[in-house]
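Secondary and tertiary structure notes
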Amino acid sequence: MSNESKLANSSMEDAIIDATAIESDHDDASGAEQAEGSTVPSNEGPSTSSGSGKKKKKKKSKAAKFLNKLKGNDDEEIPQEVVDTVMEEIRAQGTLSPEELTAENIRHALQQMKMLDVVQGKAGVGGINAKDMGEHKFWATQPVPHIGEGPPLEDGYIEPSKPVNEVRQTPYALPDGYEWSVLDIQDSEQTKEVYDLLSRNYVEDDYAAFRFQYSAEFLKWALTPPGYHKEWHIGVRMSSNKKLIAFISGVPMMLRVRKNVIPVSEINYLCVHKKLRSKRLAPVLIKEVTRQVHLTGVFQAIYTAGVVIPTPVSVCRYYHRSLNVPKLIETKFSYVPRNMTLARLIRVNKLESKTTLAGLREMEEKDLPQVADLFRRYMQRFDMAPLMNFEEVKHHLLSGRGEGEVGDGGKGRRKGQVTWSFVVEDPQTHLITEFFSFYSLPSTIINNTKYPTLEAAYLYYYATETAFEPESEISGQLKKKTQSLIGDALIIANEAGFDVFNALTLMDNVPVMQDLKFGVGDGLLNFYLYNWRTSPLAGMNGEGGVSPGKGIGVVML
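Heads up: these notes are all about the structure in this document. (Residues numbered from 1 in each chain as written. Predicted model: local features only at pLDDT ≥ 70, side-chain atom pairs only at ≥ 80, totals over all residues. Heavy atoms only, no water.)

Following both chains from N to C, one finds helix α11 (residues 368-379) and helix α12 (residues 390-398) inclined at 100°, their axes separated by 10 Å at the closest point. Comparing their axes, α12 and α11 come out roughly perpendicular. From α11, Leu368, Pro369, Val371, Ala372 and Phe375 reach across to α12, where they touch Phe390, Val393, Lys394, Leu397 and Leu398. Across the contact of α11 with α12, the residue classes break down as nine nonpolar, no polar and one charged. (Axes fitted to C-alpha atoms, helices over the stretch in contact; angles between N-to-C directions. Helix = DSSP H or I, 4+ residues; strand = E, 2+ residues; numbered from the N terminus. Parallel < 35°, antiparallel > 145°, perpendicular 65-115°, else oblique. Contact = heavy atoms within 4.5 Å. Nonpolar A, V, L, I, M, F, W, Y, C, P; charged D, E, K, R; others polar.)

In structure tokens:
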């Protein structure tokens, strides 16, 4: 999408949310049907209510009335009268500058927020909706910060660690007809079972149009870092035919949270077969992987989710950079903005064919000592970040490079390639001054025979020596260098046949998004810590004087 049609911060969205807030009483809300197995409470949606408690019919705003006209309308185009009315109300509030308050910005923000779903009650702002929310019954029993708690007086554990011999030694009970199974990700047949389960039942978008497609190579890269525990890869099978119907995983990580360094388990890929979600297997999976992690002497964890449960330590927003514009439009991943043609949209998003950084080349194993040192120093700049030793850096940045030569797996790719890692070598000193990486995580385009797969690249870790130069942030030199690094990553991804390049509002990403023509996504990613308290960390918004993004230095796969 064109740069002028994109919004690079949340102020526009906040203003629109405020201007279009729908006021209505909620007498029916308490009776809303909850999702079976839900672990989070119901949410009333983007509404306001009086504090009197009296039943009172409230007057809807003009914007709300116009937005209600959209109910049942499947057209992608936002009606002009809705745009005009929202602009009128925001102008009256004075919450946006005249430069920000344009019809194109309003139209695009409405589209990106999926306001149609919001007003129809299908989705709430920030990804919270009635089906996502339960009563927190499960999480009320867990050592996590509870919603409504103030910031802690000091960082630390919620429950103290215990001797391993005091940890439960037997697995938790499963419903009749199901049994536990430890998955060996090094075994190709078992990896295929996990792949099949995830590819058919794992995360998909709100419209059930796209679903993550985890390859066997990706799973092996993500789930077998140095020091991994096979027992942390837990499945549930049907006793009758041994079919894998649920899965959860953990991998070890040393995590720094502000001044504290703690061993944690990175919990991921919680998945239950769609037809069996009434069996309430998810809470049992979480308890069992927690038990297995405790048996190794680890009592903290980090995990992410698109829904809100008790209690996020930070929230990041997805941004998307269009590469294959015609395909993204045809598959309805994005759309052609008003007052723009497809041809112009393609021109606006066109990338150079050659990279710009002098000394840029693919990372090699000989570079790893310098890369690991640069990574260590660079990540100290963020409030929460992983600590990696040499072998871990090698695994995360090089083990997923695939087999054979570039081109064997298609244009710009090796066979089975998952990660792309590049360094910048100073031509005079031959020192590594920068590196960047990204990884491949395609999505299945559901029920699309022409385009069965969306090729998506995700920004991974990067670092630059420019960050350590005096006043590099104030002078803009760090932003300029970061923009060059990610800009060259876009060019390489485009040449490798990716359709879209995704990034989150973390690390030093935020200042360069708009200039690189990333568009605001409608997805949010909530970060959670298990059995650890700390004050909120800067993600999509700043926190405690820390700039947006700089609270989070962890890229979760």
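Here we take up the pattern of salt bridges. Across all of its chains, the model carries 24 salt bridges by this definition. Linking Glu149 and Arg533 is a salt bridge whose minimum nitrogen-to-oxygen distance equals 3.4 Å. Note that Glu149 is positioned in the loop between α5 (115-119) and β3 (178-182) and Arg533 in the segment after β18 (519-530), a separation of 384 residues in sequence. Using a relative accessible area of 37% as the deciding quantity, one classes Glu149 as partly exposed. Using a relative accessible area of 26% as the deciding quantity, one classes Arg533 as partly exposed. A salt bridge links Lys450 to Glu330, with the shortest nitrogen-to-oxygen separation between them at 2.9 Å. Here Lys450, found in the loop between β14 (443-445) and β15 (453-454), pairs with Glu330, found in helix α9 (residues 325-330); they are 120 residues apart in sequence, far enough to count as distant. Of the residues examined, Glu330 reaches a relative accessible area of 43% and is grouped as partly exposed. Here the residues in one salt-bridge network are Arg361, Glu364, Lys366, Asp367 and Glu425, joined through shared partners. (Salt bridge = Lys/Arg side-chain N within 4 Å of Asp/Glu carboxyl O. Buried < 20%, exposed > 50% of the residue type's maximum accessible area, 1.4 Å probe, protein only.)

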